[in-house]
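# Descriptive structure summary
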Amino acid sequence: MDSIVNLKKPKQVKNAFDLVVENAFDFFQKALEEFDKEPKYSVIHFHAAIELIMKARLLWEHWTLIITRPESATLKNFRLGDFQSVCIRDAKVRLESIVQEGLSKAEYDCFLRLSDHRNRMVHFYHPGSIGNKSELEKIVVEQCLAWYHVSRIFERWNEQFQGYKKKIVKIDKVMHKHREYLKAKFLALGEDIKNRKSRGILFSVCPACGFKSFEEASINELILYYECLVCKARETGLKVDCPKCGVENKLLGEPYRNCDKCGHKFDENDVQTFLTKDFVYDKHDPDRSIVAHCHECNGYETVVNVNDTWICSQCFETYDSEDVGRCDWCGSLSTGDLGDSLFEGCAACDGKFGSDSFKNE
Ligand SMILES: [Zn+2]
Ligand SMILES: [Zn+2]
Ligand SMILES: [Zn+2]
Ligand SMILES: [Zn+2]
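Residues numbered from 1 in each chain as written. Chains lettered and ligands numbered in written order. Predicted model: local features only at pLDDT ≥ 70, side-chain atom pairs only at ≥ 80, totals over all residues.

## Overview of the overall build of the protein chain
If you tally the helices and strands in the protein chain, you get 15 helices and 11 strands. In summary, the protein chain has a C-alpha radius of gyration of 23 Å against a globular reference of 21 Å for 361 residues, a match within 12%. Based on the C-alpha atoms only, the size of the protein chain along its principal axes is roughly 70 × 65 × 40 Å. Across the 361 residues that make up the protein chain, the buried fraction comes to 37%. A sequence separation of at least 24 residues applies to 45% of the contacts in the protein chain between residues at least 6 apart. (Helix = DSSP H or I, 4+ residues; strand = E, 2+ residues; numbered from the N terminus. Rg over C-alpha atoms; globule rule 2.2 N^0.38 Å. Buried ≥ 20, exposed ≤ 12 C-beta atoms within 10 Å, placed from the backbone. Contact = placed C-beta atoms within 7 Å.)

Rendered as structure tokens:
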């Protein structure tokens, strides 16, 4: 029983983690090298790389988590590699519910699209495999987006992946060259972008594909919405004043960024403090609240109401008022499905089923 509660990882598990990550980077490298001549293998290998990164993170938590049926896992078979391992769908669920380091909706959707293309390649056929130019563009778009998302994930999972910074930078460089395939698409949009600019629309450099095609729109005076005309990357942004120097910064997709002027390192608390600065607590209406828990990132009171749009100061997911409700068990506001919250709980509690009194019944 000891090995299960022992937080110190058995040496062979640490070794397995490193081997899986090395393998993932090898697949990234191969996928990018072979794109010109063998786009089909590029799709398959890129997908394999992403899947391996997810598995590595599960493996770090506990070796049984990468096995489809953990209840039948034995360390002997694990060492021999004799087991069926999880796919991206299973990995998502386990990362969320067990590791508590879930993927965002945008990340998961992006990886699922890669899975879908990969499956069509392997089990049927795919137009991209015969070198159709627009299909090739679509593949590059997907790979740029997936790399953008996985780079963010590496930052979040810094503890696990800090030893791989050099490799990440190396793949990042190759990805920059890879974006060249989208140049024709960007040039074709030139006139359109020019027209939109003349109407006052702002464009910035897209963090996924690197072209100046990231169109900015505002939902209200603080929340921004971005979409890339080339690669369709989307992000939510927030205009937040720096707590040190007062200069307004546009934060993209996440709070972690250095202030344009003084270099202050923003975090979710700065964002939340800024968004709630005008809130006045009303003792006649103690139930009124402008903070809720976020079910997307498991954030505790991270979702803030900004002029009828709710936005999470940690993951920047936005919600309408009807997406936010009161948990029937703990009484706090939360996003997510609260239909069974009396028993199942919300983003911040485990409901009646998880309570000590229920367990002791
Ligand atoms: Zn883009
Ligand atoms: Zn500043
Ligand atoms: Zn969130
Ligand atoms: Zn609750």
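Right, picking up where we left off after that structure.
## Focus: the packing of helix α6 (residues 105-123) against helix α7 (residues 133-156)
Their axes nearest at 10 Å, the elements α6 and α7 cross at an angle of 135 degrees. With respect to α7, the element α6 is oriented oblique. For the pair α6 and α7, the sense of crossing is left-handed. Judged by residue contacts, A106, E107, C110, F111, R113, L114 and H117 of α6 engage E142, L145, A146, H149 and I153 from α7. (Axes fitted to C-alpha atoms, helices over the stretch in contact; angles between N-to-C directions. Parallel < 35°, antiparallel > 145°, perpendicular 65-115°, else oblique. Left-handed = near helix turned anticlockwise from the far one by under 90°.)

## Looking at the pairing of strand β3 (residues 223-228)
As paired elements, strand β2 (residues 214-218) and β3 share five bridges and run antiparallel to each other. Residue pairing in the sheet places S218 in a bridge with L224 of β3. What sits between the antiparallel neighbours β2 and β3 is a turn of four residues. In this structure, β3 lies alongside strand β4 (residues 234-241), joined through five bridges in antiparallel fashion. Along β4, the bridge assignment pairs Y225 with T236. Here β3 folds back onto β4 in antiparallel fashion, the turn holding five residues, of which K232 has a positive phi close to 70 degrees. (Pairing = 2+ DSSP bridges.)

## Topic: the domain arrangement of the protein chain
When the domains of the protein chain are assigned, the result is domain 1 (2-184), domain 2 (211-275) and domain 3 (291-359). Placing the centre of domain 1 and that of domain 2 at their C-alpha centroids yields a distance of 28 Å. With six residues of domain 1 at the interface, the matching set in domain 2 holds six residues. The residue inventory of the side of domain 1 that touches domain 2, partitioned by class, reads six nonpolar, no polar and no charged. (Domains from an automatic or database assignment. Nonpolar A, V, L, I, M, F, W, Y, C, P; charged D, E, K, R; others polar.)

## A short note on unusual backbone geometry
The phi torsion at N298 lies on the positive side, around 60 degrees, for a residue other than glycine. Of note in this structure, F316 is not a glycine but carries a positive phi near 65 degrees. Along the chain, F316 falls in the loop between β8 (309-312) and β9 (318-319). On the basis of neighbour count, F316 is assigned to the buried category, with 25 C-beta atoms found within 10 Å.

## Points about the nonpolar core
Ranked by internal contacts, the top residues of the largest apolar core, which has 60 residues, are L59, C144, C209 and C231. Broken down by secondary-structure element, the contributors of at least two residues to this core are α2 (11-33), α3 (39-61), α5 (88-99), α6, α7, α9 (165-178) and β3. When residues of this core are assigned to their parent elements, the largest contribution, 12 residues, is made by α3. Both of domain 1 (2-184) and domain 2 (211-275) provide at least three residues apiece to this core. L275, V291, C315 and F316 belong to the second-largest nonpolar core, a separate cluster that totals 26 residues. (Core = buried A, V, L, I, M, F, W, Y, C linked by C-beta atoms within 7 Å.)

## Describing the confidence of the model for the protein chain
Of all residues in the protein chain, 91% attain a pLDDT of 70 or more, and the chain-wide mean is 88. In the predicted structure, residues 1-7 sits below a pLDDT of 50 and forms one contact with residues beyond four places in sequence or in another chain. (pLDDT = per-residue confidence, 0-100.)

## Considering the environment of D36
Positionally, D36 belongs in the loop between α2 and α3. In this structure, the C-alpha to C-alpha distance between D36 and D18, residues 18 residues apart in sequence, is 29 Å.

## Observations regarding helix α11 (residues 190-198)
Little of α11 sits out of view: just zero of its nine residues are buried. Downstream of α11 by one or two residues, G200 has phi in the positive range, about 95 degrees.

## Side note on α5
All buried positions along α5 are accounted for by A91, R94 and L95. The arc enclosing the buried residues of α5, seen along the axis, measures out at 105 degrees, which places them on a common side. Across α5 from its buried face, at more than 90 degrees, point the exposed residues R89, V93 and S97. Looking at the packing, one finds that the buried side of α5 touches α3. (Arc of directions from axis to C-beta.)

## Examining the environment of R120
Within the secondary structure, R120 sits in helix α6. The class for R120 is partly exposed, based on 15 C-beta atoms found within 10 Å. C-alpha separation for the pair R120 and I44, spaced 76 residues apart in sequence, amounts to 10.0 Å.

## A look at the sheet that holds strand β5 (residues 248-252)
Pairing is antiparallel in the open sheet, where five strands are placed in the order β1-β2-β3-β4-β5. Of all strands in the sheet, those with a lone pairing partner are β1 (203-204) and β5, marking the two edges. Its contacts with the sheet put helix α12 (residues 268-275) on β4 and β5, and the angle it makes with β4 is roughly 65 degrees.

## Let's talk about the packing of α3 against α6
Running from N to C, α3 and α6 cross one another at 135 degrees; their axes reach a closest spacing of 9 Å. In terms of axis orientation, α3 runs oblique to α6. Pair α3 / α6 crosses with left-handed handedness. Counted together, K40, V43, I44, F46, H47 and I50 of α3 and F111, L114, S115, H117, R118, M121 and V122 of α6 form the full contact between these two elements. A breakdown of the residues in the contact of α3 with α6 according to their chemical character gives eight nonpolar, three polar and two charged.

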